[in-house]
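# Tertiary structure, described
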Amino acid sequence: MAVPAPARPFLVRLADGRTWGAAEFPNGFVCVHHPDETHVCTIATSLDDLLSDLPPGHPLHGAKAEDYG
């Protein structure tokens, strides 16, 4: 049985300077954890979809993806 590729962790730097942990899966799906809210994540079909066309006031509006390290 083939072992699936691991998710790639990355950081999302919010416009206000905070960082949230996130992961991108081999199929492009991404998940971002909202650390200030219990059991809340934002999911998207791709990193581009995650960071595009978000309305002002959305916590991810103006955010940038950064690699760990």
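Our subject is the structure that appears above.
Computed from a predicted structure; not experimentally measured.

Regarding its fold elements, the protein chain presents 1 helix and 5 strands. Each helix and strand of the protein chain, ordered N terminal to C terminal, gives the series β-β-β-β-α-β. Along the first, second and third principal axes, the C-alpha atoms of the protein chain reach 45 × 25 × 20 Å. Here the protein chain, with 69 residues, has 25% of them falling under the buried criterion. Pairs at least 24 residues apart make up 26% of the contacts formed inside the protein chain by residues separated by at least 6 positions. Surface exposure of the protein chain reaches about 4700 Å², of which carbon and sulfur atoms provide 58%. Taken together, the 4 basic and 9 acidic charged side chains of the protein chain have centroids lying 6 Å from each other.

Let us now look at the pattern of salt bridges. Taken as a whole and assessed by the stated rule, the structure comprises 5 salt bridges. Note that D67 is salt-bridged to R8, the shortest N-O span being 2.7 Å. Residue D67 is located in strand β5 (residues 64–67), and its partner R8 is located in strand β1 (residues 8–13); the two are separated by 59 residues in the primary sequence. D67 sits in the exposed class, given a relative accessible area of 57%. Overall, the relative accessible area of 31% leaves R8 in the partly exposed class. The shortest N-O distance in the salt bridge between R18 and D16 comes to 2.9 Å. On the basis of relative accessible area, R18 is assigned to the partly exposed category, the value being 35%. Within this structure, R8, E24 and D67 form a network of salt bridges that share partners.

About the thresholds
- Residues numbered from 1 in each chain as written.
- Predicted model: local features only at pLDDT ≥ 70, side-chain atom pairs only at ≥ 80, totals over all residues.
- Heavy atoms only, no water.
- Helix = DSSP H or I, 4+ residues; strand = E, 2+ residues; numbered from the N terminus.
- Buried < 20%, exposed > 50% of the residue type's maximum accessible area, 1.4 Å probe, protein only.
- Contact = heavy atoms within 4.5 Å.
- Areas by Shrake-Rupley, 256 points an atom, 1.4 Å probe, with all protein chains shown as cover.
- Lys, Arg positive; Asp, Glu negative; His and termini not counted.
- Charge placed at Lys NZ, Arg CZ, Asp CG, Glu CD.
- Salt bridge = Lys/Arg side-chain N within 4 Å of Asp/Glu carboxyl O.

Worth remembering: the numbers are spatial, not functional.
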